[in-house]
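Structural characterization, general
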Amino acid sequence: MKNSNYFILSLYILLLINGCKSIVTKQIKKNSIVEEVEAKIPPFEYRRSEQDSILLKRFLGHYKDIYNKDSTQLNYYSAEIFYEKDSIFKVINLYGEYVGATYNPVAESHIVYRNNLYKEYISGETFRIDKLSPSKYLLYTDDYNRLSSNFHFYNVTFNNDSIVIEETREHKNFIYSFIDKKKESMDNYLEEIKNSRKLEKNELYQLGIDSTKVEVNEKYYRSPDAFLSRENPYYYGSIYYRQKYGDETMKVLQFNHNDTIKEITLGIVGGDSDSYKMTSEFVNDSIFIQSLVNQETIVDTNDTMGYAFDSIVTKFKYNERFELDTFIKDTFKYKKYQFKKYGAPAENHIYYSKPIKINNLECYWETKVEITFDDNKKPLKAKNITRKLINSKTRKTLLISQPDMIIRDEKSLFYSSSDDFKDFNFDGYADFSIYNSTSSGASHAFYDNYLFNPKTKKFDYSKKLSGSEITVDNKLRTITLYYNMGRSYHVEHIIHYDLKGKILFEEKFIEELLKEKNADEYYYLKTYQKIKKNKIILKEIEKEKI
C-alpha cells in the first residue's frame, strides 16, 4: 500500500514536470512569434529628400502595417502634412479610428525635424503653429472624439538632436480657424431665413429673450448653420435672425464660452429698398469689422439715377470669448450716378476722403471716376479721373490735379496722405507733387508739381518744376530736377534758394550723346550752365569721346 502511494506520487510529479515543460515551450514559441512579427516591421525611415506626397504614402502604409499585425483594433486611413511658412519642422497629422461597435475617430501629430521622425507624438490633430522663438513653437491640437473637440496646447522646443514637448495653457485666439463664414454680406438673408426655424414665444427663452418684452411685429428665427466647424462644451456658437418693424432684419451671433454668452451683430438690412445695410468680417484672430452703409436717392430721372452713401466702419479687437473692444471708428462718404453713354451703361463715382490739414487749412480730396461696363455688365478700367483738393470750411477748390492718376485700390481714395506734400521752394509752405502715368515712360518719370500761394491760399501748377523727378535737400536748400530722355539726353537742374525761399541761382548739367560728322564714332557733349534771374551768366562745354 505504501509502495502504491509512492508510485502514484511519482507519477503525479512526472506529469506536473511534463506539463510545465509544455507551458514553457508554448511561451517560447509565442515569444518567437512576437519577435518574428516585430522583425517584419522595421522602424519608419524618414528621407529628407522625398516629396511630401511620397512621404505621406509611405508613412500611412507603415502604420497600416502595424494595424494589421496589432490587436488594438486601431485603423489608420489617411495622413496630411501641416507646417507654417519658413518652419524648421513639419507635422504629419495621422488620422484613424478605433474599430468596434461605436465609431470613434482618433488623430496623432508626429513631428519631423531635420533628418528625424521622432517617436514622441502628440495626441490630436495639429491645426495651428505659432513661432515663439527660433527654436520654440506653440502647437494647437484637437484631440477630438465622436462627440466633440478637445483643444490642447503644447510648447515644443527643438534642441540639436532632440525635442521637448510640454503641455501649456498659454495660447492665442484659435477660434478664428474654425469660423465657417468669416465674412457676412447679407446678400442672401431672405433665402437663409426660409431655411431657418421660426421660434414661437414660448421658445424665446432659448435665446435668453424675455417673451413679455417682445413686440407684436417682432419675429425670431434660429439658423441651422453652425458658426464654428469644431465645437465643444466650452466653445460653441449659434446664429439667429430678428425681424422688426416689418422691414429690418438683423443677423446675430450668440457665442457661449464656459456658460458666458456674448452677442455680436453680424449684419443688418432695412429701410425702403434696403436703404441701410450692415456687413461684417472676422479679418484675423484679433480684428473684427462692422461696416454700416446708409443709402439715399438724390437723383431720379429718366436718364440718371444718383445715390449718396454714408458709411461708418468700426474696427474691434476680439478674443476667443468674443469680447469686443473698439479701437478705430471711421466715417466715409461717396456718391454714385448711373447713366448711359453711347448707349452703354456707365457710372460716375465720387469719393470724399477723410479730412487732412495742409498749411493750417483743413481740407479733403474729392475724386471723380468714370466706369464703363462690357456686354456682360462687368466693370472695365476706370477713366476720366479728376481729383480736387477742397477747403472743408469754405468749400472752395484749392487744387485740381491733372486728369491722370493710377487707382490700385478704391478704398485708398477715402484716406488722405501727407506724403505727396513737401516744401519744394523753402518758403515754409507745403507744396504738392503727383506722378503722371500718361507722360512718364520706361526711362523717365514725369511728376506734376504745384506750389502753394499763401495770398490766394491755393496751389498753382508750376510748369518750371514739372515734367521731371524732383528731390529736396533741406541742408543745402536746393531742389534737383532730373530729366532723362532715353540714353541720348540727360539733364540735371539744381535750383538754390535763400533763407526767404527766393531763388539765388540755378545750375544745369546737360549731357547729350551725339555722332561725329562723316564718321561712325559717338561722343558725349557735356554742357554746364549757371543761371541767375533767368539769364545764363556762365557756360562751359566739354566734349568727351566714347
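Use the structure listed above.
Everything in this summary refers to the structure shown in the same document. (Residues numbered from 1 in each chain as written. Predicted model: local features only at pLDDT ≥ 70, side-chain atom pairs only at ≥ 80, totals over all residues. Heavy atoms only, no water.)

With that settled, the discussion passes to the packing of aromatic side chains. In total, this model carries 42 aromatic pairs according to the counting rule given. Seen in terms of ring centroids, Tyr137 and Phe158 are 6.0 Å apart; in terms of plane orientation they differ by 85 degrees. Their pairing is edge-to-face. Taken together, the residues Tyr137 in strand β6 (residues 136-142) and Phe158 in strand β7 (residues 151-158) connect sequence positions 21 residues apart. With a centroid separation of 6.0 Å and 20 degrees between ring planes, the pair formed by Tyr334 and Tyr351 is classed as stacked. Here Tyr334, found in strand β18 (residues 324-341), pairs with Tyr351, found in strand β19 (residues 344-352); they are 17 residues apart in sequence, far enough to count as distant. On the basis of relative accessible area, Tyr334 is assigned to the partly exposed category, the value being 23%. An aromatic cluster is built from Trp365, Phe421, Tyr429, Phe432, Tyr450, Phe452, Phe459 and Tyr461, whose rings are joined through pairwise contacts. Directly above the ring of Tyr523 sits Lys543, whose terminal nitrogen or CZ lies 4.4 Å from the centroid. (Phe/Tyr/Trp six-rings, centres within 6.5 Å; stacked < 30°, edge-to-face > 60°. Helix = DSSP H or I, 4+ residues; strand = E, 2+ residues; numbered from the N terminus. Buried < 20%, exposed > 50% of the residue type's maximum accessible area, 1.4 Å probe, protein only. Lys NZ or Arg CZ within 6 Å of the ring centre and 35° of its normal.)

Attention shifts here to the side chain of Ser392. Structurally, Ser392 can be placed in the loop between β22 (383-391) and β23 (397-400). Not counting chain neighbours up to four residues away, the residues in contact with Ser392 comprise Glu362, Cys363 and Tyr364. (Contact = heavy atoms within 4.5 Å.)

On to the pairing of strand β11 (residues 219-222), then. Examined bridge by bridge, strand β10 (residues 197-198) and β11 share 2 bridges and lie antiparallel to one another. Looking at β11, one finds that Arg197 is bridged to Arg222. Bridge count for β11 against strand β12 (residues 235-244) is 4 bridges, and the pairing is antiparallel. Its bridge partner lying in β12, Arg222 is registered against Tyr240. (Pairing = 2+ DSSP bridges.)

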